[in-house]
Amino acid sequence: MNNYKRNFYLLLTMAFFACLVIGYYTYHQRVQLITKTEQVAALTDTVTFYKTKAGASGATRRIFRGSKDEVLAAAKFQDAEAYQTIKKTPGLHSLTNFTTVTRIDTVVKADTVYIQKDSTGKVNHYLSKEIIEPKGYYTANIDVKNDSVGLKLQLQDKYKVITQDKSNGFLKPKSYVVDVQNTNPYVKIDGLKSFEITPKNKIKTGIKVGAVAIGLGAVFLLLHK
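Residues numbered from 1 in each chain as written. Predicted model: local features only at pLDDT ≥ 70, side-chain atom pairs only at ≥ 80, totals over all residues. Heavy atoms only, no water.

Draft legend 1. Just the environment of Tyr 50, in detail. Its place among the elements puts Tyr 50 in strand β1 (residues 48–51). Judged by its relative accessible area of 27%, Tyr 50 falls in the partly exposed class. Here the alpha-carbon distance between Tyr 50 and Thr 60, two residues 10 residues apart in the chain, equals 8.5 Å. At 2.8 Å, the side chain of Tyr 50 forms a polar contact with the side chain of Asp 179. At 2.9 Å, the side chain of Tyr 50 and the side chain of Gln 181 are in polar contact. (Helix = DSSP H or I, 4+ residues; strand = E, 2+ residues; numbered from the N terminus. Buried < 20%, exposed > 50% of the residue type's maximum accessible area, 1.4 Å probe, protein only. Polar contact = N/O pair within 3.5 Å; in protein donor to acceptor, adjacent residues only side chain to side chain.)

Right, dumping it as C-alpha cells:
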C-alpha cells in the first residue's frame, strides 16, 4: 500500500513537472518569436516625421529592444556612435539619438547701412543691429563693417522624449516606439534612433529553479520508500 501511494505521488509529481516544463517551453518559444519579430521590425523601420500643432517638428520610430549583445549588434549596424556609447557605458538601460537641422531664411529684411569716413579719409560701411524674434525663438546680433560680417545667433528650444506602446489594430501586437518633439519651428528633427537593453527575466529563472527542484524531489521519492 505504501509503495502504491509512493508511486501515485511520484507519478503525480512527475506529471506536474512535465506540464510545467512543456508550458514553460511553449511560453518561452512564443516570447522568443515575438521578440525576434519586433527586433526585425525595429531594424527595418524608418522615421516618421510630422509637424506639431505649434508648427514645430516631431519624429517617431520603433525602439530596438533586446539583450546587451543584441542591442550592440543592432547599434553597430545602424549607428557607430551609439554602439561605442552602449559598449563603454556600464549599467546603461536605454539610449536615444536624434539629430536636428536649424534653418532661418531671413534675419534682416532691410536696414540702413551707415557710411563713415575715418581720419585717413577712407570710407567705411557699417551696420550694427540686434534682432529679437517676436516669439523669442531666437536672438541675433549683427555687425557689418565693409566686407566683414559678424553674426551671433542664439536659439531657444525645448525637447520632449516619450516612449510608449503604440496600437497597430485589433488583435495585432503593439509596437514600442519613441516619440521626440521640439518647440522651435526654425529647428527640424531629421534623424532618430533608439535602443533599450531589456533585463533578464527573473520569473523565468525562478521557473527553471522550481522545475529542477521538483525533478530532484521526484528522484528522492523514487529512491526512498
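Draft legend 2. Representation of the pattern of salt bridges. Under the defined criterion, the tally for this structure stands at 3 salt bridges. Note that Arg 65 and Glu 38 form a salt bridge whose closest N and O atoms lie 3.8 Å from each other. Pair noted here: Arg 65 is in strand β3 (residues 64–66) and Glu 38 is in helix α1 (residues 2–44), with a separation of 27 residues, a long-range link. Its relative accessible area of 25% is what places Arg 65 among the partly exposed residues. Residue Arg 103 pairs with Asp 105 through a salt bridge whose shortest N-O separation is 2.8 Å. Under the relative-accessibility criterion, Asp 105 is labelled exposed at 61%. (Salt bridge = Lys/Arg side-chain N within 4 Å of Asp/Glu carboxyl O.)

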